[in-house]
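Coordinates in review
Each chain, letter by letter, is given below.
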Amino acid sequence: MSELIKQVLHSLKHKKNLNILMVFTIAIGIALMTTMMTIAHQELKISLPDKSDNVHLIMLDNRELDAPVQEVYAMPRTTYKDVENIFSSNPGTLNLVRLWETRFIAEPEELTVRPMRLNASAVNNQLFDLMEMPFIYGNAWSLDDQKNSKAVIVIDKTVNDAFFGGANSVGKRILIEKKPMTIVGVMDISVHPKRFQNRNFSTRRNDQAFIPYTFALENNLNRVARIACPKNQTANNRLYRNNDVAGLKASECGFEVLWAEFKDKKQSDAFFTWLNAYAQKNKEMGRFFQDKIVYALSLSQMMAFYGDNDWTQTLAMLSYLLFAVCIVNTSGIMLAKFQSKAKLVSLYRALGATKNYIVKIHFFEVIIISFIGILLGLVLSKLGLHIMYEIARYQSDYLSDPKQLQALYSIDWNMIIRAASITTFSVIAAGIYPIWRISNLAPASQLRGA
Amino acid sequence: MLSMKHVSKIYRTDLIETHALSDVNLEVAEGDFVSVTGPSGSGKTTFLNLAGMLETFEEGDYLLDGENIKGLSDNRLSRLRNEKIGFIFQGFNLISDLSLYDNVEVPLIFRGLNRAERKKRIEASLEVVGLASRMRHLPNQLSGGQQQRVAIARALAGKPRFLLADEPTGNLDSLMARQVMDLLQDINKKGTTIIMVTHDPELARRANRNIQILDGQVSDIQQSQLTDMAV
Ligand SMILES: Nc1ncnc2c1ncn2[C@@H]1O[C@H](COP(=O)(O)OP(=O)(O)OP(=O)(O)O)[C@@H](O)[C@H]1O
Ligand SMILES: [Mg+2]
């Protein structure tokens, strides 16, 4: 065995530069592939995989009759009126969640740390159950708090880290636009790489806090997402965004995202039957105009739509192709290297080495080279992902949440194992022909003459 | 111990067929020292390669120690080659980045001998060729004659019954050639059968049997005929 190792090392030493070339070819191939595979995988990763078929985005098309045909994904948000009605008389859901985005300055009560501008959403407390939100400290707020528009808040771990150094802050207060809010829970939203809850699926910025929608309305926290008003009300848009809460409530402007989670098909059928009837009734009252009013998309359908990122897919394809090119190239270099040893190998054969022995030497050589190539490839992958991460940060003007991005661009070990096995397999495949060629050399065939 | 009956070897390339050897009938007895002469391209190396089982042949039978080697597996042939035959190739064919010691060790590794046994044999055979003191040197640190002696040591280390030498003196000046020849004669005296190709009639005459190959035909000749030969 130690003799074999000696032979393998001797064989490796032959034309050393070609080894380096092979190692780099393999490593670059892997790095490209794993980087792209990881990004594609992360971007295609489904949120809440266990129930993504049962969670539905509910939309009511309240646009005028002459509104252009458009994709379901682009249907307007829901009006306050409709959301209130659906909440008060729906026939049953596991969770019914309303949400709109807001943005505010948050600061600790004693000015010990710098204030932060937070991306947040005004929601009802069922959101936490629907999102299966992990709490590090505390809990969601209670229904009572919600009914009474209590000044309570759930903050993300990152905010808690910044303001309280990661300590349990439940019961403490922070100021939101100078209003004191009691922290009831600290969540870890990083389990959701995408901000799906506001329909955007952004991988750049997720909610950093949630507050009760009742509090948001009562204290008129600004509404930062698009408010979709019918043509005759668009003039009020700005007013509705920042000031006129009563007007917004009474308007036909959609600004709420509405999610329903169902226990089963029976429950969802009942819900939609009821909702369709509700929509028809309101159409008769002159609030809707279209033939089809009720639209719903399951979370998995939306994932398929938002995950279908052409750019990612194309790059992933390209990286596979490049990897294939790298492997073919490796095979070529190996063939060249082995062929340049023809004289030596035919001498070995003449001196009594069996074909098997020649195969063994070169097989181990291939294994060693690919192993080093794979290791280097992993290092390069890590570097590649870091570069992608930096690019993503740069693209978002460094406004994105670094933790969220980091999660997106971190090595996924499943991916690595997959890539490594693909590579091992391919490199061995690449080695088969050169090994076959070299081991079938006739003994002494290269020795005739000097 | 070596017996060829009606052996023929044809090289086929895209353009031509070369009848490198045709209908060779030859018996070589144990302990013989056979010289092989003949003009360039006549088939001398081909003959040695067949005798050493480095190449296959189409027709005839070849018995080595009574065993018909026709149709033996590659594994078996490699084994036979390794155990029974020592080669001295046309050109030294030493491995340039291995020391003398390591060069001589190569066939012993293929034989599967353990380290101690290998060491013993390497040292013994380097001793025979008078290079024991330089066994850590690399081949290119030696003269041509010394390199050829290393090649001989490599062939001897396996204690072969049979030594096949393809122009072992071809690249050497006459003094060194004579020294190498002396060495081969010593080895032969100790019982190793030798078949040696040479262009040098004087060296050929020192063998106790002379055969000639002309256009693939093998035949015995008298020592007196050796000088006439155009080489
Ligand atoms: N692999 C091969 N393919 C085709 N023809 C070959 C091959 N090897 C040898 N030959 C031919 O077979 C013939 C005999 O070659 P061989 O090498 O045996 O000659 P030789 O007597 O050893 O010559 P030299 O004295 O020059 O070494 C030559 O004509 C040669 O061209
Ligand atoms: Mg020759």
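Here is a short report on the structure shown in this document. (Residues numbered from 1 in each chain as written. Chains lettered and ligands numbered in written order. Predicted model: local features only at pLDDT ≥ 70, side-chain atom pairs only at ≥ 80, totals over all residues. Heavy atoms only, no water.)

1. Here's the deal with the overall build of chain A
Formally: Helix and strand definitions follow DSSP, with helices as H or I runs of at least four residues and strands as E runs of at least two, each counted in order from the N terminus. With a 1.4 Å probe rolled over the protein chains alone, any residue whose accessible area is under 20% of its type maximum counts as buried; one over 50% counts as exposed, and the rest are partly exposed. Where accessible areas are quoted, they stem from the Shrake-Rupley method and a 1.4 Å probe; at the residue level, only the protein chains shown are allowed to cover.
Helix and strand counts for chain A stand at 16 helices and 11 strands. For chain A, the proportion of its 450 residues judged to be buried stands at 53%. Carbon and sulfur atoms provide 59% of the accessible area of chain A, an area that totals close to 20300 Å².

2. Topic: the packing of aromatic side chains
Note the cut-off: Any two rings among Phe, Tyr and Trp, with Trp reduced to its six-membered ring, count as a pair given centres within 6.5 Å; such a pair is stacked if its planes are under 30 degrees apart, edge-to-face if over 60, and tilted if neither.
What the rule picks out here adds up to 17 aromatic pairs over all chains. Centre to centre, the rings of phenylalanine 262 of chain A and phenylalanine 271 of chain A are 5.1 Å apart; their planes meet at 55°, and the pair counts as tilted. There is no split in this pair, since phenylalanine 262 of chain A and phenylalanine 271 of chain A are both buried. Between phenylalanine 87 of chain B and phenylalanine 89 of chain B, the aromatic rings sit 5.3 Å apart at their centres with planes inclined by 10°, giving stacked as the arrangement. Put simply, the rings of Phe262, Phe271, Phe272, Trp274 and Tyr278 of chain A touch in pairs and so form one group of aromatic residues.

3. Points about the interface of chain A and chain B
Keep this limit in mind: Throughout, a contact is declared for two residues whenever any of their heavy atoms are within 4.5 Å. In this description, buried area is defined as the sum, over both parts, of the accessible area (probe of 1.4 Å) that is lost when the two are combined. Just to be clear on terms, a salt bridge is a Lys or Arg side-chain nitrogen sitting within 4 Å of an Asp or Glu carboxyl oxygen. Two N or O atoms count as a polar contact when they lie within 3.5 Å, although within protein this holds only if one can serve as hydrogen donor and the other as acceptor, and sequence-adjacent residues are included solely when both atoms are side-chain atoms.
Contact residues are listed per partner, giving 24 residues for chain A and 28 residues for chain B. Together, the buried faces of chain A and chain B total about 2200 Å²; carbon and sulfur atoms form 56% of this surface. For the pair chain A and chain B, the interface holds 3 salt bridges. Between the two partners, chain A and chain B, sit 7 residue pairs in polar contact (both at pLDDT 80 or more). Listing elements by their share of the side of chain A that touches chain B, those giving two or more residues are α1 (2-13), α13 (342-350) and α14 (355-395) of chain A.

4. Observations regarding the sheet that holds strand β5 (residues 67-68) of chain B
In a beta sheet, neighbouring strands are held together by backbone hydrogen bonds and run either parallel or antiparallel to one another. All names here are of chain B. Formally: In this scheme, strands are said to pair when DSSP sees at least two bridges between them. Whenever a helix is involved, its axis is fitted only over the stretch in contact; in every case the axis is a line through C-alpha atoms, and angles between N-to-C directions fall within 0 to 180 degrees.
Strand order in the open sheet formed by 4 strands is β2-β1-β4-β5, and the pairing between neighbours is antiparallel. This sheet does not close on itself; its edge strands, each paired only once, are β2 (17-28) and β5. The pairing of strand β1 (residues 2-12) with strand β4 (residues 59-64) spans 5 bridges and is antiparallel. Looking at β4, one finds that lysine 5 is bridged to aspartate 61. Sitting on the sheet, helix α1 (residues 44-51) touches β1, β2 and β4, and the angle it makes with β1 is about 125°.

5. A few points about the packing of helix α3 (residues 100-111) of chain B against helix α5 (residues 144-157) of chain B
Two quantities define a packed helix pair, namely the angle between the helix axes and the distance between the axes. Residue and element names in this part refer to chain B. Quick reminder of the rule: We call a crossing left-handed when the near helix sits turned anticlockwise from the far one by less than a right angle, and right-handed when that turn is clockwise.
Running from N to C, α3 and α5 cross one another at 30°; their axes reach a closest spacing of 8 Å. Every pair of crossing elements has a handedness; the one defined by α3 and α5 is right-handed. Side by side, α3 and α5 meet where Leu100, Asn103, Val104, Pro107 and Leu108 of the first sit next to Val150, Ala153, Arg154 and Ala157 of the second.

6. Re the pattern of salt bridges
Per the counting criterion, the structure on display carries 34 salt bridges over all chains. Across the salt bridge formed by aspartate 269 of chain A and lysine 265 of chain A, the nearest N and O atoms sit 3.0 Å from each other. With aspartate 269 of chain A and lysine 265 of chain A both in helix α10 (residues 265-284), this residue pair falls 4 residues apart, about one helical turn. What makes lysine 265 of chain A exposed here is its relative accessible area of 59%. Across the salt bridge formed by aspartate 65 of chain B and lysine 84 of chain B, the nearest N and O atoms sit 3.1 Å from each other. Here the residue aspartate 65 of chain B occupies a position in the loop between β4 and β5, and lysine 84 of chain B occupies one in helix α2 (residues 74-84), the gap between them amounting to 19 residues. You can call aspartate 65 of chain B partly exposed: its relative accessible area is 30%.

7. So, a nonpolar patch on the surface
Residue and element names in this part refer to chain A. In plain terms, the rule: Nonpolar side chains (Val, Leu, Ile, Met, Phe, Trp, Tyr) are joined into patches within 5 Å and like charges within 9 Å, using only residues with over 30% relative accessible area and no salt bridge.
A contiguous nonpolar surface patch, about 510 Å² in accessible area, is contributed by Ile20, Phe24, Ile28, Leu32, Leu322 and Val325. Among the elements of the structure, α2 (16-44) and α12 (310-339) are those that each provide at least two residues to the nonpolar patch. Per element, the largest residue contribution to the nonpolar patch is 4 residues, and it comes from α2. Note that leucine 322 resides in helix α12.

8. Brief notes about the pairing of strand β3 (residues 95-108) of chain A
All names here are of chain A. Taking burial as the measure, the 14 residues of β3 include 12 buried ones, the bulk of the element. Where β3 and strand β10 (residues 254-261) come together, 5 bridges link them in antiparallel fashion. By the bridge assignment, arginine 98 is partnered in β10 with leucine 258. Direction of pairing for β3 relative to strand β4 (residues 116-123): antiparallel, over a ladder of 8 bridges. The residue of β4 that forms the bridge with alanine 106 is methionine 116. Two strands pair when backbone bridges link them, and β3 and strand β7 (residues 173-176) are joined in this way by 3 bridges, in the antiparallel orientation. The residue bridging alanine 106 from the neighbouring strand is isoleucine 176, located in β7.

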